[in-house]
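Each chain is listed here by its residues.
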Amino acid sequence: NVVVEAPVKKAELKKEENKHLKLHIAGKGMTHHFSGSLPEGVINFGEVESSKDFISQAGICIVPIQSGSGLRIKILEAMASGRAVVSTSVGVQGLELKSGEHYLVADSPGDFADAIIHLQNEQTYRRLSINARDTCLMKYDAVTLGKNLISFYEQFLNTFKPNHPLGEKGTH
């Protein structure tokens, strides 16, 4: 159980107080990795047809990624859908987001438990999810990203001079 592997007394207390919480997990290979019996309250969906539909049904999205990349789009999807996100520091690398303002950072199982419990406060949940959604729409929507990419290409192409090894501006 990713969320409750904290020091024993703390974990047992949190587990007992929060029996109503359910952990839904999904992803490629999840059925294989978690093929045995799962703790009560943990539901394994395996690979889902639509991550967008899965995320839209969540209350809180947790991203316990320890290395690599690739899940950042899922973080942005969750935030754009108005979901609160708890992620490791690695999970949000490269995104212009601040812990405590757009998401909560958790780099240990105990931190994840604390963050999820903290988000049970409706005002905290609402503040984070609204800030995250607004930031996603302002910085990461397709139109904004497209404009930024076009601007980058224009600046890049303007660096070419007629005597540049790649040729005259606009010919390649």
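As shown above, the structure is provided for reference.
Colleague: Describe the pairing of strand β1 (residues 23–26), naming the residues involved and giving the relevant values.
Modeller: Each regular strand carries side chains that alternate between the two faces of the sheet. Going residue by residue along β1, you find Leu23 and Ile25 tucked away on one face and His24 and Ala26 left uncovered on the opposite face. Relative to strand β2 (residues 42–46), β1 runs parallel, the two being bridged by 4 bridges. Of the residues in β2, the one forming a bridge with His24 is Ile43.

Colleague: Could you give an account of the nonpolar core, naming the residues involved and the relevant values?
Modeller: Ile75, Met79, Val85, Leu95 and Tyr103 are the most contacted members of the largest nonpolar core, which totals 16 residues. Among the secondary structure elements, those contributing two or more residues to this core are β3 (60–63), α4 (72–80) and α6 (122–139). Ranked by residue count, the leading element in this core is α4, at 4 residues. When residues no more than four places from it in sequence are discounted, the contact partners of Val85 are Cys61, Val63, Ile75, Ala78, Met79, Tyr103 and Leu104. If you look at the next biggest cluster of nonpolar residues, it comprises 9 residues, including Val86, Phe112, Ala115 and Leu128.

Colleague: Describe in detail the pattern of salt bridges, supporting the description with residues and values.
Modeller: As enumerated under the stated definition, the model contains 2 salt bridges in all. The closest approach of N and O atoms between Lys139 and Glu96, which form a salt bridge, is 3.0 Å. With Lys139 in helix α6 and Glu96 in the loop between β4 (84–87) and β5 (104–105), this pair connects stretches of sequence that are 43 residues apart. In this structure Lys139 comes out as partly exposed when scored by relative accessible area, which is 29%. In this structure, Arg126 engages Glu122 in a salt bridge whose closest nitrogen and oxygen atoms are separated by 2.9 Å. Here the residue Arg126 and the residue Glu122 both occupy positions in helix α6, the gap between them amounting to 4 residues, near one helical turn. The class for Arg126 is partly exposed, based on a relative accessible area of 46%. The class for Glu122 is exposed, based on a relative accessible area of 55%.

What counts and how
- Residues numbered from 1 in each chain as written.
- Predicted model: local features only at pLDDT ≥ 70, side-chain atom pairs only at ≥ 80, totals over all residues.
- Heavy atoms only, no water.
- Buried < 20%, exposed > 50% of the residue type's maximum accessible area, 1.4 Å probe, protein only.
- Helix = DSSP H or I, 4+ residues; strand = E, 2+ residues; numbered from the N terminus.
- Pairing = 2+ DSSP bridges.
- Core = buried A, V, L, I, M, F, W, Y, C linked by side-chain atoms within 4.5 Å.
- Contact = heavy atoms within 4.5 Å.
- Salt bridge = Lys/Arg side-chain N within 4 Å of Asp/Glu carboxyl O.

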